[in-house]
Structure formats: structure tokens, C-alpha cells
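# Summary of the model geometry
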Amino acid sequence: MEVRPGANPADVKNYDTDRLRHDFLIQNLFVADEIKTIYSQIDRIIVGAATPVNKELVLEAGAELRAKYFLERREMGIINIGGNGTVTVDGKEYNFKYKDGMYIGMGAKDISFKSEDPKNPAKFYLNSAPAHKTYPTVFIDPAKDILPENKKELGCLESANHRTINKYILPGQVESCQLEMGMTCLEPGSVWNTMPCHTHDRRMEVYLYFEVPEDAVVFHYMGEPTETRHIVMRNEEAVISPSWSIHSASATHAYTFIWGMVGENQDFDDMDDVDMKDLR
Ligand SMILES: O=C(O)C(=O)C[C@H](O)C(=O)CO
Ligand SMILES: [Zn+2]
């Protein structure tokens, strides 16, 4: 498990491109027959991916957690961005197709991942946060299970930001201690997300961009609203956003992204909106 320390905005505004990428960008997440995990000390989120191809992969705590098993004091959200696959939680099998999700509560001991077809493997994207209470494990088929009020259409084609926010894990939909997770899908011709932008002093956030064509790039914007920086990103890469940082992007093509949040509260709308005229 890779461990990344926190970040102070007074330092980050002096970082060059390499340092910004080193500290905030997460690349090479989906590696065949591996579970990759990155532990950010910002709110202790773990960002990871399980990509089973020819064998079943078993989630292990690793030395960093000092725990008997991964979810001993943690909860986890999963969204599959690959082919069909199965997640087994303490002997119970859950069959995933593209974009299906799941919440696993604290205390689940044996978690493993396998693919239906090695030629089109599942790609399980994982977010995990510290937890102190067990909420039920829930499978989420976004077409059937997400309540209408948790599918929010925003923006318009004229502003190149027509998109739908699908909220998979948050209070009233799927209960958790602190983790919230969802997926935002941009319509063809729309390339901007989260602009006008925001910070949320009470939560950090991680974005995973996917459905980005090979010859396209995503310009992810971060930094304090008056000290913006960008990170050039490609398909299936993630980026860490501290609570003081904006998190927005424009790209050369429409794309989809998964957002995951952890921190002080679970109020999705508790955002510190940035006035367009204050951005620099
Ligand atoms: O497109 C958007 O706008 C988003 O998806 C915003 C994220 O969900 C977010 O930043 C929540 O805090
Ligand atoms: Zn946000």
C-alpha cells in the first residue's frame, strides 16, 4: 500500500508540475491480477482498484492498517468500471455488471474479487474510510436502485456542462458512517464538470476519470480558488482533492467520473461555492 501524506495550501501553491502530480495524481490503478491501494493521510481515505483477470483476488489489510483484516475498522464503496465480475463478501456472492456499485459495512472479513471473462475483466474501483459502526452491506444497481432524487441533472449543452450526478452512497440512499460515493456522467458535447466550482472545508474528495478516449486529455483544476493549478489526466486516473481545493475539469471529449468523499459531515450540499469572479 502506498501512503501519501497530507498537503498544506501554503506549500502547494509553490509546487511545480512534477510535485503536483506526485502528491495528488493516482496512475496505474488497474493492474491485471493485482489489488492496488493508496492510503491518503487526508481524512485517511484509501483509494484502490481490484482487477482480477486470471485469478480471484483476496483483499488483505497489509501492514499499514495494523488490523486483522481490511474492514476491521473501515467501510468500503465499490463501483465496477469493467466487464462482469463477482465480489464475495463473507461467502455471499454479488454479481456486478458495468457501473454496478456496492457498500460494505465495517466488520466484513473475507472479501474477494473475480472476473467472469478474462478477455473483458472487471475493474473494481474502491474507496474506503475509517468507520466506527456497522451499516448493512448493500448492492447498488444504478438503473434500479438509485432514487429519482439522487439522480440530479445539471448544466446545459450551451455551457458545455450538461451532466447527471448519480448518488450511490449517501444518507437516505445507502447509509454509511462517513463515505459518500457517486458517478457523474457527461452528455456528448459537454466537457466541464463542477464549474462553477466549490470547495468543502468539511470533506475531502477523490475523482476517478474514465470513459476518456485514448487520444483525449482531461485538465483537472485544483488549488485554492485564487491559486488554481491544473493536472493533465488520462483515462482511469484518479486525483486527490484536499478540502481547501477546488476540483473541476474540462476535457477534449465527454467523459464520466466517480467521486468519493469523506470527512466531517455527509451533507452533499454543504459546499463552499466559489463565485466565478473570484477564481484566479
Ligand atoms: O459534476 C459535478 O458537479 C459533480 O459531480 C460534483 C461532485 O459530485 C462534487 O464535487 C461533490 O462535492
Ligand atoms: Zn466537491
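Rules and cut-offs
Residues numbered from 1 in each chain as written. Chains lettered and ligands numbered in written order. Predicted model: local features only at pLDDT ≥ 70, side-chain atom pairs only at ≥ 80, totals over all residues. Heavy atoms only, no water. UniProt positions renumbered as here; feature names shortened; annotations may be inferred. Helix = DSSP H or I, 4+ residues; strand = E, 2+ residues; numbered from the N terminus. Polar contact = N/O pair within 3.5 Å; in protein donor to acceptor, adjacent residues only side chain to side chain. Core = buried A, V, L, I, M, F, W, Y, C linked by side-chain atoms within 4.5 Å. Buried < 20%, exposed > 50% of the residue type's maximum accessible area, 1.4 Å probe, protein only. Pairing = 2+ DSSP bridges. Near = heavy atom within 4 Å. Areas by Shrake-Rupley, 256 points an atom, 1.4 Å probe, with all protein chains shown as cover. Nonpolar A, V, L, I, M, F, W, Y, C, P; charged D, E, K, R; others polar. Donors = N, O, S within 2.8 Å, 3.2 Å for Na, K, Ca; no water. Tetrahedral: all angles 85-135°; square planar, octahedral: opposite > 155°, others 65-115°.

- An unreviewed UniProt entry lists the protein under the name 4-deoxy-L-threo-5-hexosulose-uronate ketol-isomerase, from [Lactobacillus] rogosae.
- Of the protein, the UniProt comment under Sequence similarities (unreviewed entry) reads exactly: "Belongs to the KduI family."
- Recorded in UniProt under Function (unreviewed entry), the annotation for the protein is "Catalyzes the isomerization of 5-dehydro-4-deoxy-D-glucuronate to 3-deoxy-D-glycero-2,5-hexodiulosonate."

## Details of the UniProt feature "binding site: Zn(2+)" (unreviewed entry) in the protein
- The UniProt feature table records "binding site: Zn(2+)" (unreviewed entry) at His 198, His 200, Glu 205 and His 247. Of the residues just listed, which span 50 residues, no C-alpha pair is farther apart than 11.5 Å, and they cluster in one region.
- Its place among the elements puts His 198 in strand β16 (residues 198-199).
- Among the polar contacts listed, one links the side chain of His 198 to the side chain of His 200, at a separation of 3.4 Å.
- With respect to the helices and strands, the residue His 247 is situated in the loop between β20 (237-241) and β21 (248-251).

## Some words on the nonpolar core
- By size, the foremost hydrophobic cluster in this structure holds 56 residues, and its most contacted members are Phe 24, Leu 29, Tyr 125, Leu 208, Tyr 209 and Ile 258.
- With six residues, strand β17 (residues 203-210) is the single largest residue contributor to this core.
- Of all hydrophobic cores here, the second largest spans 22 residues; its members include Ala 61, Ile 111, Ala 122 and Phe 124.

## Thoughts on the sheet that holds strand β10 (residues 111-115)
- In space, the four strands of this open sheet follow the order β5-β10-β7-β8, with antiparallel pairing throughout. The sheet terminates laterally at β5 (57-58) and β8 (92-96), the two strands that pair on one side only.
- In this sheet, β8 lies alongside strand β7 (residues 85-89) in antiparallel orientation, the contact comprising five bridges. Directly across from Val 87, in β8, lies its bridge partner Tyr 94.

## Regarding the site of ligand 1
- Surrounding ligand 1, one finds 15 residues, the nearest of these being Arg 163, Thr 184, His 200, Glu 205 and Tyr 207.
- A distance of 3.2 Å is found between an oxygen atom of ligand 1 and a side-chain nitrogen or oxygen belonging to Thr 194.
- Residue Glu 205 places a side-chain N or O atom 3.0 Å away from an oxygen atom belonging to ligand 1.
- Protein contact buries 98% of the 330 Å² of open area that ligand 1 shows by itself.
- For the shell around ligand 1, the elements supplying multiple residues, two or more each, are β14 (163-169), β17 and β22 (256-263).
- Sort the elements by how many residues they give to the shell around ligand 1 and β22 lands first, with three residues.
- Residues of the shell around ligand 1, tallied by class, amount to seven nonpolar, six polar and two charged.

## Quick notes on the coordination of the zinc ion (ligand 2)
- Coordination sphere of the zinc ion (ligand 2), protein contribution only: His 198 (NE2), His 200 (NE2), Glu 205 (OE) and His 247 (NE2), at 2.1 to 2.2 Å.
- One can describe the site at the zinc ion (ligand 2) as octahedral: its six donor atoms subtend angles covering 75 to 177° at the metal.
- All donors of the zinc ion (ligand 2) belong to a single chain; written as a sequence motif, their spacing is H-x1-H-x4-E-x41-H. A residue pair is termed long-range when its members are at least 10 positions apart, and His 198 in strand β16 and His 247 in the loop between β20 and β21 qualify at 49 residues.
- Given a relative accessible area of 7%, His 198 falls into the buried group.
- Exposure remark for His 247: the relative accessible area of 0% places this residue in the buried category.

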